[in-house]
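# Summary of the model geometry
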Amino acid sequence: MGKAALVGPKTASLYFDCSSAKFGGTTQLLRGEIRATYEDTEPPAAARKDHLRVLHDSSRALSDLLGCEGGSGITGEFVMPPAA
């Protein structure tokens with residue numbers, strides 16, 4: 001899923017490369033991040049999965065809007081990556 005994903009119970013970041021005509025044909029490293037401002041009402045593992053799902057979906061939409069070639073390595077369907 002993208003180039004790298006870092007996720008915790010309060011924050012999540014997703015990095016992906018985007019090669020697009022909108023960047024003059026160059027490849028740019030893009031980063032999406034979310035931060036929870038409220039206390040979680042679910043277990044930490046579920047919160048991490050939810051945060052990463054939101055980042056996946058929004059990064060996929062951004063990749064489509066920017067016209068990134070090959071979808072930037074972001075899968076069409078969200079799949080929780082294995083723990084590192």
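Residues numbered from 1 in each chain as written. Predicted model: local features only at pLDDT ≥ 70, side-chain atom pairs only at ≥ 80, totals over all residues. Heavy atoms only, no water.

### Details of the nonpolar core
To keep it simple, the criterion reads: What is meant by a nonpolar core is a set of buried Ala, Val, Leu, Ile, Met, Phe, Trp, Tyr and Cys residues, joined one to another through side-chain atoms within 4.5 Å. A simple rule labels every residue: compare its accessible area, found with a 1.4 Å probe on the protein chains alone, to the largest value its type can have, and call it buried under 20%, exposed over 50%, or partly exposed in between. Contacts are residue-level and defined by heavy atoms, with any inter-residue pair within 4.5 Å sufficient.
Listed in full, the six residues of the largest apolar core are F16, C18, L30, L66, C68 and I74. With near-sequence residues (within four places) excluded, I74 lies in contact with G2, F16, H56, S59 and R60.

### A look at the sheet that holds strand 2 (residues 11–19)
Within a sheet, each strand pairs with its neighbour through backbone hydrogen bonds, oriented either parallel or antiparallel. Note the cut-off: Only strands that DSSP links by at least two bridges are regarded as paired with each other. Only DSSP runs of H or I covering at least 4 residues are called helices, and only runs of E covering at least 2 are called strands; the numbering of each starts at the N terminus. Axis definition: a line fitted to C-alpha atoms, over the contacting stretch in the case of helices. Angles run 0 to 180 degrees between N-to-C directions.
Taken together, three strands build an open sheet; the order of strands is 1-2-3 and the sheet is antiparallel. Two strands in the sheet have a free side with no partner beyond their single neighbour: strand 1 (4–7) and strand 3 (27–35). Averaged over neighbouring strand pairs, the angle between their axes works out to 15° when direction is ignored. As defined by bridge partners, strand 1 adjoins strand 2 across four bridges and the pair is classed as antiparallel. By the bridge assignment for strand 2, A4 is matched with Y15. Contacting strand 1, strand 2 and strand 3, helix 1 (residues 44–66) runs over the sheet at an angle of about 25° to strand 2.

Interpretation note: all reported values are geometric properties and have no functional meaning in isolation.
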